[in-house]
Amino acid sequence: MIRKRNLLILLVIVAAIAVGAFAAESTITVYYDKELGQINKLVFGNNFLGHGPMSREPLGESSSIVPRVVSVMDYGAGIWDPKRKKPVKEVIDLAKETGLSIARFPGGCGTHLYDWKKTIGPEREHFLYGLDEFMKTAEQIGAEVVMTASYYTGDANDAADLVEYLNAANDGSNPNGGTDWAAERAKNGHPAPYNVKYFEVGNETWGSHPPKVKKISPGQYARRYLKYYEAMKKTDPSIQIGAVLFWSSSWNRKVTSIVKDKVDFGIQHTYPSPRVDREKVKKMAPKEVFRISLASPVLRDENRYPDFLKLLKKNAGRDIPLAITEYNGGFTGLHDPAYRHSLTAALVNAELLRIFMKPEYNILMANYWQFSNSYWGMIKAAGERLYEMKHDYSKPIKYIKRPNYYPYQLYNRHFGEVLIDTDVRCDSYRIEDVKLIEYEGNIKELMRNMKSMDVPFLSVNASKSRDGSKVYLMVINKNTDESITSSIDLKGFAPAERADAWVLNGPSVGATNEDNPDNVKVVHRKFDIKDSPFAFTFEPHSLTAIEIVSRR
C-alpha cells in the first residue's frame, strides 16, 4: 500500500514537472490555410513636412526660427531641392525602400497656421516646398496622399477650394465658384487633376496649440467639421473625409453624436511610451522604459480600438474605419539616450504595424511621424545640423538610417501579401500599474476590455506570398536580457531545408545610430530546417524577419 502511494506521489510530481516544462516552452504555430485577408499596404504610410514655423515645437539644435522656416517650408525637411525644383533622389529612393504607400501633408500641428494658397504659384519667397512640390514628391514615390485641411486657418470654402485645386478637371467647370482653381493648377504646371482621395479636417484639435490657436470644445469642432464636410463633398463627392478622435471618450462621444454619418474615417494618433513626467522617465532604467513602451500597444491600443469602432458605428449606422495618421514612440524631450531614435522606438513601431494589419481593427491607413530630418525623422543627412539643410544637391548626400527605418524596410522586402493566422505560447512579463500606459483617457474604460496585464515576450505576425510559395514571419522578442528558443510549427506548409532570417538588433534597448550608423542594424543569416516543427532562437530585444520557401 505504501509503495503504491509513493508511486502515485511520484507520478503526480513527474506530471507536475512535465506540465511546468510544457507551460514554459515557447511555441509558434502558423496556420498556412487560415487566411485573414489581403494585407492593407496603406499601413506603410509616412508624414512629410511643409508647414510654417511654430514656436511651441522643439527646435533641436537650432534656437532660431529662421533656419527652421527654410528647412521645412523650402526643403521639405530635406526631400526637396528648391534650386533645381525637384525631389532629392537619395531621399526618394530611401522612401521607396520602406514601401511608403501613402504620404500625409503638410504635417501635424504646423497645419494650424497653414494657408495652402500661399504655397502655390511662381512668386514665392518661401514655402518653396509647397502643394505642387509635395504632390510631385508623392508621384515619384508612387504613394497615395492624405491631405490635412487646416481647421484654424481659412474656412470651409478654402477647404473646398483646396479640393478643387487638387481634383477638378481643367474644363472651366469651377465647381466651388470664384477663382477657377483647376485653371490655376494648370498654370502651375499640372493640367491633369491629382485625384487626391483622402482629406482630414484639422490635426489634434482636442489640444491647445499656442501662440495663436486656442483650445476648442468637441462640439465646436464637430459643428465646424460639418461645414467643411458639406463644402468639400459638394466640390468632389468621391473624396473621403476624416474627423479627429482622441483617447478621451467624452471628446469622441460628443463629436460622433454630432457628425453622425457625415464621416468616412475616424482619425487617431498614438505615441506609446511611459505616461509619467519626463523627468521621471529620464530616471528610469532603459530596460524599464523599453518594457512599458512595448506593453502599451498591446494593453492600450488593442484594447481601445474596438471601443472607437463601436462608437463610430453606433452614430454613423455603418462600419467606419480608423486612420492612424500619426504614430511613433512618444519620447519627447528625452535626449540621453535619444529614445525617439532608439532600438526601443523601432520595436514599438514594429509592434504597431502588426496591430494595424489586424482586420478586426479596420485600419484604413497608418502614417509614421515623420520621414526625413527634423526632430523625428527616420533618416537624417549625415553631418547636418537640424533645420539648416545647407546642401549642395548636385553632389551625392550620405543619409543615416535610424533604427526606426528598418522595420519598414524589412516589411517591404520580407513580408507577403496575405495575412495568415498564428498561435503563440510563451512566457510573459507583467505591467503592475495600468496608469503607466494610459494617456488622457479613461482608466476604467481601458480596464473594462483588458483581460490581463501580462505581455507575451514574443509578438508574431505571419503572412504568405500571393502564389502561396513562401511563408513569412515577423517576430519581436521583448525580453530585454534573454534569447528565446521557440518551436515553430508550419501547419499545412512543407518548408524547404534552408531558410533566411534578417535580425534587427543593437547592443542595448537604448542604442541609436546618432554617432555610429552601424550600431543598430540588420544582420542576415541562413539556417537549416530539418522538418516542421523546427527550433529557432530569437535574440533579446530584437525584430526578426523569417522567409521560408516551400519544398519543391
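Within every chain, residues take consecutive numbers counted from 1 along the sequence as written. Since the coordinates come from a predicted model, pLDDT governs what is reported: local features require at least 70, and pairs of side-chain atoms require 80 or more to be given and counted, while whole-chain, interface and lining totals use all residues. Here the side-chain values reflect all heavy atoms present in the structure, with hydrogen atoms and water set aside.

Q: Can you break down the environment of Met 73 residue by residue, with the values?
A: Tracing the chain through its elements places Met 73 in helix H2 (residues 65-75). Only protein chains enter the accessibility calculation, which uses a 1.4 Å probe; a residue whose area is less than 20% of its type maximum is buried, one above 50% is exposed, and one in between is partly exposed. Classification of Met 73 as buried rests on a relative accessible area of 4%. Distance in space between the C-alpha atoms of Met 73 and Gly 130 is 7.2 Å, their sequence separation being 57 residues. Only runs of H or I of at least four residues qualify as helices and only runs of E of at least two qualify as strands under DSSP, and these elements are numbered from the N terminus.

Q: Which residues make up the pattern of salt bridges, and what values do they have?
A: We define a salt bridge as a contact between a side-chain nitrogen of Lys or Arg and a carboxyl oxygen of Asp or Glu at a distance within 4 Å. By the definition in use, this model includes 32 salt bridges. Salt bridges here are not isolated pairs; linked through shared partners, they connect Glu 302, Glu 351, Arg 354, Lys 358, Glu 360 and Lys 478.

Q: Can you lay out the pairing of strand S23 (residues 542-549) for me, pointing to particular residues and giving the numbers?
A: S23 sits mainly inside the fold: seven of its eight residues count as buried. Looking at chain direction, strand S18 (residues 470-477) and S23 are connected through eight bridges and run antiparallel. Residue Leu 473 lies in a different strand from S23, and its bridge partner there is Ile 546. Here a strand pair is declared whenever DSSP counts at least two bridges between the two strands. The pairing of strand S20 (residues 498-505) with S23 spans five bridges and is antiparallel. Directly across from Leu 504, in S23, lies its bridge partner Leu 543.

Q: Talk me through helix H3 (residues 89-97); I want residue IDs and the actual numbers.
A: Among all positions of H3, only Val 91, Ile 92, Leu 94 and Ala 95 are buried. For H3, the angular spread of buried residues about the axis comes to 165°, placing them on one side. Of the surrounding secondary structure, the elements contacted by the buried residues of H3 are strand S4 (86-87), helix H4 (131-141), strand S12 (379-381), strand S13 (399-401) and helix H12 (405-413). Looking one or two residues beyond H3, the residue adopting positive phi is Gly 99, at roughly 70°. Throughout, the arc means the angular range of directions from the helix axis out to the C-beta atoms. In what follows, residue pairs with any heavy atoms lying within 4.5 Å of each other are defined as contacts.

Q: Account for the pairing of strand S19 (residues 484-491), with residues named and values stated.
A: The two faces of a sheet get side chains in turn, since along a regular strand they alternate between them. Here strand S1 (residues 26-38) runs beside S19; their pairing, made up of six bridges, is parallel. Paired with Thr 27 across the strands is Ser 487, a residue of S19.

Q: So, the sheet that holds strand S8 (residues 240-244): which residues are in play, and what are the values?
A: If you walk around this closed barrel you meet the eight strands as S2-S5-S6-S7-S8-S9-S10-S11, and the pairing is parallel. With direction set aside, neighbouring strand axes in the sheet form an average angle of 25°. Where strand S10 (residues 322-327) lies against strand S11 (residues 363-368), four bridges are found, and the strand directions are parallel. By the bridge assignment, Ile 324 is partnered in S11 with Ala 366. To get an axis, fit a line to the C-alpha atoms, keeping to the stretch in contact for a helix; angles then go from 0 to 180 degrees between the N-to-C directions.

Q: Break down the layout of surface pockets for me, with residues and values.
A: Remark: the empty space left among the atoms is shown by a probe the size of a water molecule rolled over them. The way it works is a 1 Å grid over only the protein atoms, where trapped points that fit a 1.4 Å probe form a cavity and open points with protein on both sides within 12 Å along at least five of seven lines form a pocket, and then any residue with an atom within 4 Å of a point lines it. Grid points are joined across faces, edges and corners, and a volume is the space filled by probe spheres set on the points. Space inside the second largest pocket adds up to approximately 760 Å³. Around the second largest pocket, the lining comprises 31 residues; the ones closest to its centre are Val 298, Glu 302, Arg 354, Lys 358 and Pro 456. Contributing elements (two or more residues each) for the lining of the second largest pocket: helix H10 (286-316), helix H11 (343-356), strand S14 (418-425), strand S16 (454-456) and strand S17 (458-464). Gly is put with the polar residues, along with every residue not named as nonpolar or charged; the nonpolar set is Ala, Val, Leu, Ile, Met, Phe, Trp, Tyr, Cys and Pro, and the charged set is Asp, Glu, Lys and Arg. Split by residue class, the lining of the second largest pocket holds 15 nonpolar, seven polar and nine charged.

Q: Pulling in residues and values, what's your account of the nonpolar core?
A: Within this scheme, the nonpolar core is defined by two criteria: the residues are buried Ala, Val, Leu, Ile, Met, Phe, Trp, Tyr or Cys, and they are joined through side-chain atoms within 4.5 Å. With 165 residues, the main nonpolar core has Phe 48, Met 147, Leu 166, Tyr 221 and Tyr 225 as its most contacted residues. A per-element tally of this core places H10 first, with twelve residues. For Tyr 221, the contacting residues outside a window of four places in its chain are Tyr 151, Val 201, Thr 205, Ile 216, Gly 242, Ala 243, Val 244, Trp 251 and Val 255. Within the second largest apolar cluster, seven residues are counted, among which are Val 72, Ala 77, Tyr 271 and Trp 376.

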